[in-house]
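Residue-level structural notes
Next come the chains, spelled out residue by residue.
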Amino acid sequence: MTPFTLLAIAAAAFFVAHVLLLFTSFGKNGYNKTKYFWSHLTLWICGALVFTMALLFAGKGESDIIDVFDTPVKRWLIIVVVLVLSAVAHTIVKLLVMPRYQSR
């Protein structure tokens, strides 16, 4: 297995973990702060892995998708998108989801 493949599998696994942790952070028993924190952390790790993949492999023909990130600005956009996605998700949870749990 190549380093590119290992990084891609790890990034995908962290993204799946992010989604699962995010959706299971809220349930019948209320809001689980620890799972919610870990959901954000796994998203950030996923973003760091994708950034690393772009840094190491962009422009080298490993993947047409990663080759798109062939400039430093495009690579840093990965980090910006991850941070914006995290902020948007946190805002949605804070404004729309948490009021439902606090009113119980």
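Nothing here was measured: the structure is a model prediction, and the numbers come from that model. (Residues numbered from 1 in each chain as written. Predicted model: local features only at pLDDT ≥ 70, side-chain atom pairs only at ≥ 80, totals over all residues. Heavy atoms only, no water.)

**Description of the side chain of Thr42**
- Looking at where Thr42 falls in the secondary structure, it is placed in helix H2 (residues 33-57).
- Exposure remark for Thr42: the relative accessible area of 6% places this residue in the buried category.
- Look past the residues within four positions of Thr42 in its chain and what remains in contact with it is Phe14, Ala17, His18 and Leu21. (Helix = DSSP H or I, 4+ residues; strand = E, 2+ residues; numbered from the N terminus. Buried < 20%, exposed > 50% of the residue type's maximum accessible area, 1.4 Å probe, protein only. Contact = heavy atoms within 4.5 Å.)

**Considerations on the packing of helix H1 (residues 3-24) against H2**
- At their nearest, the axes of H1 and H2 sit 8 Å apart, and the two run at 160 degrees to each other. With respect to H2, the axis of H1 lies roughly antiparallel. Like other packed secondary-structure pairs, H1 and H2 cross with a definite hand, here left-handed.
- A breakdown of the residues in the contact of H1 with H2 according to their chemical character gives 21 nonpolar, six polar and one charged. (Axes fitted to C-alpha atoms, helices over the stretch in contact; angles between N-to-C directions. Parallel < 35°, antiparallel > 145°, perpendicular 65-115°, else oblique. Left-handed = near helix turned anticlockwise from the far one by under 90°. Nonpolar A, V, L, I, M, F, W, Y, C, P; charged D, E, K, R; others polar.)

**Some thoughts on the nonpolar core**
- Ranked by size, the top nonpolar core spans nine residues in total: Phe4, Leu7, Ala11, Cys46, Leu49, Met53, Phe57, Ala58 and Ile66.
- Put simply, the parts of the chain that give this core at least two residues each are H1 and H2.
- Ranked by residue count, the leading element in this core is H2, at four residues.
- With sequence-adjacent residues up to four places away left out, Leu49 is seen in contact with Leu7, Ala10, Ala11 and Phe14.
- Among the nonpolar cores identified, the runner-up in size contains five residues, and Leu22, Phe26, Tyr36 and Val93 belong to it. (Core = buried A, V, L, I, M, F, W, Y, C linked by side-chain atoms within 4.5 Å.)

**Considering the pattern of salt bridges**
- A complete count under the given rule lists one salt bridge for this structure.
- One salt bridge in this structure joins Asp70 and Lys74, with 3.4 Å as the shortest N-O distance. (Salt bridge = Lys/Arg side-chain N within 4 Å of Asp/Glu carboxyl O.)

**Quick word on the side chain of Arg75**
- Looking at the element boundaries, Arg75 is found in helix H4 (residues 72-102).
- Among buried charged residues, Arg75 stands out as having no salt bridge; its nearest opposite-charge side chain is Asp70, 6.6 Å away.
- In contact with Arg75, other than residues within four places in its own chain, are Phe51, Ala54, Leu55, Ala58, Phe69 and Asp70. (Lys, Arg positive; Asp, Glu negative; His and termini not counted.)

**Some thoughts on H1**
- In a regular helix each residue adds 1.5 Å, so 22 residues correspond to 32 Å; H1 covers 31 Å between its end C-alpha atoms and thus fits that length.
- On its buried face, H1 sits against strand S1 (26-27), H2 and helix H3 (64-67). (Expected span 1.5 Å × (residues − 1).)

**Details of a nonpolar patch on the surface**
- Taken together, Val73, Leu77, Val80, Val84, Val88, Ile92, Leu95 and Leu96 make up a surface patch of nonpolar side chains, about 740 Å² in accessible area.
- On the secondary structure map, Val88 appears in helix H4.
- Classification of Val88 as partly exposed rests on a relative accessible area of 43%. (Patch = residues over 30% accessible without salt bridge, like charges linked within 9 Å, V, L, I, M, F, W, Y side chains within 5 Å. Areas by Shrake-Rupley, 256 points an atom, 1.4 Å probe, with all protein chains shown as cover.)

**Quick notes on the environment of Thr52**
- Here Thr52 is to be found in helix H2.
- Residue Thr52 is classed as partly exposed on the basis of its relative accessible area, which comes to 29%.
- Each C-alpha atom, one on Thr52 and one on Leu85, is 18 Å from the other, the two residues being 33 residues apart in sequence.

So far we have only geometry, and geometry alone does not tell us how the molecule works.
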